[in-house]
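Here is what each chain is made of, one letter per residue.
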Amino acid sequence: HVQLVESGGGLVQAGGSLRLSCAASGDIVSSMNMGWFRQAPGKAREFIAAINWSGDITYYSDSVEGRFTISRDGVKNTMYLQMNSLKAEDTDVYYCAADGRSFRRYSISQEYSYWGQGTQVTVSS
């Protein structure tokens, strides 16, 4: 059984930084591809970043490229999202996700089988 728990969200001023963590339980997580998505009320879940099981391939959405960095620690079974130069439009609930299937469809939320409960990020302008 795989369980994902996000933490690190909060309130920050525009231009500031936050680091989100996604702690994963379950032995098979280390072999899974993982990603970060975000969602505003009434909107579809939006892809932010993805990282493959070994941590050597990453992808980002155009909206966060150059500002956010995804990483993972295989020993701690934890994935991170370092968010810098935050903007008001980054305000959302952020979710981490994991799946062991092909990494080719990394930006498609339906391709991920496991999800965390979400953590709120609020950026004040």
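Going by the structure above, here's the rest.
Residues numbered from 1 in each chain as written. Predicted model: local features only at pLDDT ≥ 70, side-chain atom pairs only at ≥ 80, totals over all residues. Heavy atoms only, no water.

Visitor: I'm lost on the overall build of the chain in this one. Help?
Guide: Regarding its fold elements, the chain presents 0 helices and 11 strands. Ordered by position in the sequence, the α and β elements of the chain form the string β-β-β-β-β-β-β-β-β-β-β. For the chain, whose C-alpha radius of gyration is 13 Å, the value lies close to the compact-globule estimate of 14 Å for 125 residues. In terms of overall dimensions, the chain has a C-alpha envelope of 40 × 25 × 25 Å along the principal axes. Nonlocal contacts in the chain, meaning residues at least 24 apart in sequence, comprise 57% of its contacts between residues at least 6 apart. If you sum the accessible surface of the chain, you get close to 6500 Å²; carbon and sulfur atoms cover 48% of it. (Helix = DSSP H or I, 4+ residues; strand = E, 2+ residues; numbered from the N terminus. Rg over C-alpha atoms; globule rule 2.2 N^0.38 Å. Contact = heavy atoms within 4.5 Å. Areas by Shrake-Rupley, 256 points an atom, 1.4 Å probe, with all protein chains shown as cover.)

Visitor: In this structure, what is going on with the packing of aromatic side chains? I would like to understand it.
Guide: Tallying each qualifying case throughout the model produces 8 aromatic pairs. Taken together, a centroid distance of 5.6 Å and an interplanar angle of 40 degrees make the contact between Tyr59 and Phe103 tilted. Taken together, the residues span a long stretch of sequence, with Tyr59 in strand β6 (residues 58-60) and Phe103 in the loop between β9 (92-99) and β10 (114-115) at a distance of 44 residues. On the basis of relative accessible area, Phe103 is assigned to the buried category, the value being 14%. Members of the aromatic cluster, each reached through a chain of ring pairs, are Phe37, Phe47, Tyr59, Phe103, Tyr106, Tyr112 and Trp115. Sitting above the plane of the Tyr95 ring, Arg45 keeps its charged end 3.9 Å from the centroid. Arg45 extends its terminal NZ or CZ atom over the ring of Trp115, reaching a point 4.6 Å from the ring centre. (Phe/Tyr/Trp six-rings, centres within 6.5 Å; stacked < 30°, edge-to-face > 60°. Buried < 20%, exposed > 50% of the residue type's maximum accessible area, 1.4 Å probe, protein only. Lys NZ or Arg CZ within 6 Å of the ring centre and 35° of its normal.)

Visitor: Where do I start with the state of the cysteines in this structure?
Guide: Among covalent bonds in proteins, the disulfide is the one between the sulfur atoms of two cysteines. This structure, assessed with the given rule, holds 1 disulfide. Across a sulfur-sulfur distance of 2.1 Å, Cys22 and Cys96 are joined as a disulfide pair. Taking the sign of the torsion about the S-S bond as the criterion, the disulfide between Cys22 and Cys96, at about 60 degrees, is right-handed. You can see Cys22 sitting in strand β3 (residues 18-25) and its partner Cys96 sitting in strand β9, a full 74 residues away along the chain. For Cys22, a relative accessible area of 0% gives the class buried. The class of Cys96 is buried, set by a relative accessible area of 0%. (Disulfide = S-S within 2.5 Å.)

Visitor: What is the right way to read the environment of Asn52 from this model?
Guide: Inspection of the secondary structure assignment puts Asn52 in the loop between β5 (46-51) and β6. Residue classification places Asn52 among the buried residues on the basis of a relative accessible area of 6%. Once you skip the residues sitting within four places of it in the chain, Asn52 turns out to touch Met32, Asn33, Ile57, Arg72 and Phe103. In terms of polar contacts, Asn52 uses its side chain to reach the side chain of Asp56, at 2.8 Å. (Polar contact = N/O pair within 3.5 Å; in protein donor to acceptor, adjacent residues only side chain to side chain.)

Visitor: Please explain empty space enclosed by the protein as it appears in this structure.
Guide: If a probe as big as a water molecule is rolled over the atoms, it shows which places are left empty. Taken as a whole, this structure holds 1 cavity of 30 Å³ or more when the rule is applied. If you add up the space inside the largest cavity, you get close to 60 Å³. Asn33, Asp99, Arg101, Ser102, Phe103, Arg105, Tyr106, Glu111 and Tyr112 together form the lining of the largest cavity. Broken down by class, the residue content of the lining of the largest cavity amounts to 3 nonpolar, 2 polar and 4 charged. (1 Å grid on protein atoms, 1.4 Å probe; cavity = no way out; pocket = protein on both sides within 12 Å on 5 of 7 lines; lining within 4 Å. Points joined across faces, edges and corners; volume = space filled by probe spheres on them. Nonpolar A, V, L, I, M, F, W, Y, C, P; charged D, E, K, R; others polar.)

These figures capture arrangement, not role.
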